Amino acid sequence: MRGKFDYPVFVAAPKAVGITSTGETGEAVPDDLPQILDAYRAFVNWVEEGAKLEDTPDFPLPSAA
């Protein structure tokens, strides 16, 4: 059944997670996870404060890559 949730849900879709398909890591490898962690923490704080619609955090939209 498809419907609207009656509670907030955090969803993230990182484009890069700090490791390539060949296992390369390091400073030259893109990593969206720190920004997602910051957004998740803002979401949790917002929920703990009552999740008022008018106080919704300004989450960045994903890039169109």
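One structure accompanies this document, and this report is about it. The residue count restarts for each chain, going from 1 along the sequence in the order it is written. Only residues with pLDDT of at least 70 are given local features in this predicted model, and only at 80 or more are side-chain atom pairs given and counted; all residues enter the totals for whole chains, interfaces and linings. To get the side-chain values, all heavy atoms of the structure are used, and hydrogens and water are removed first.

## A closer look at helix α1 (residues 33–48)
Our working definition: Helix and strand definitions here come from DSSP, where helices need a minimum of 4 consecutive H or I residues and strands a minimum of 2 consecutive E residues; each element is numbered from the N-terminal end. The span expected for a helix works out to 1.5 Å for each residue beyond the first. Classification of residues uses two cut-offs on accessible area relative to the type maximum, computed with a 1.4 Å probe and protein chains only: under 20% is buried, over 50% is exposed, and between them is partly exposed. Regarding the arc, it is the one traced by the directions from the helix axis to the C-beta atoms.
The end-to-end C-alpha distance of α1 is 22 Å, a good match for the 22 Å that 16 residues give at a rise of 1.5 Å each. For α1, the full list of buried residues reads A39, F43 and W46. Looking straight down α1, one finds that the buried residues subtend no more than 60° of arc, so they occupy a single side. Among the exposed residues of α1, those oriented more than 90 degrees off its buried face are R41 and E48.

## Section: unusual backbone geometry
Unusually for a residue other than glycine, A51 sits at a positive phi of about 50°. In this structure, A51 sits in the segment after α1. The exposure class assigned to A51 is partly exposed, which follows from its relative accessible area of 25%.

## Section: a nonpolar patch on the surface
For clarity, the threshold we go by: Each patch is built from residues lacking any salt bridge and having more than 30% relative accessible area; the joining distance is 9 Å for like charges and 5 Å for nonpolar side chains (Val, Leu, Ile, Met, Phe, Trp, Tyr). Using a 1.4 Å probe, the Shrake-Rupley method yields the accessible areas, and only the shown protein chains count as cover for residues. A pairing counts as a salt bridge when a side-chain nitrogen of Lys or Arg comes within 4 Å of a carboxyl oxygen of Asp or Glu.
On the surface, a nonpolar cluster with roughly 450 Å² of combined accessible area is contributed by F5, Y7, V9 and V11. Tracing the chain through its elements places F5 in the segment before α1. For F5, a relative accessible area of 55% translates into the label exposed.

## Section: the environment of K15
Residue position: K15 is located in the segment before α1. Linking K15 and L33, residues 18 residues apart in sequence, is a C-alpha distance of 9.3 Å.

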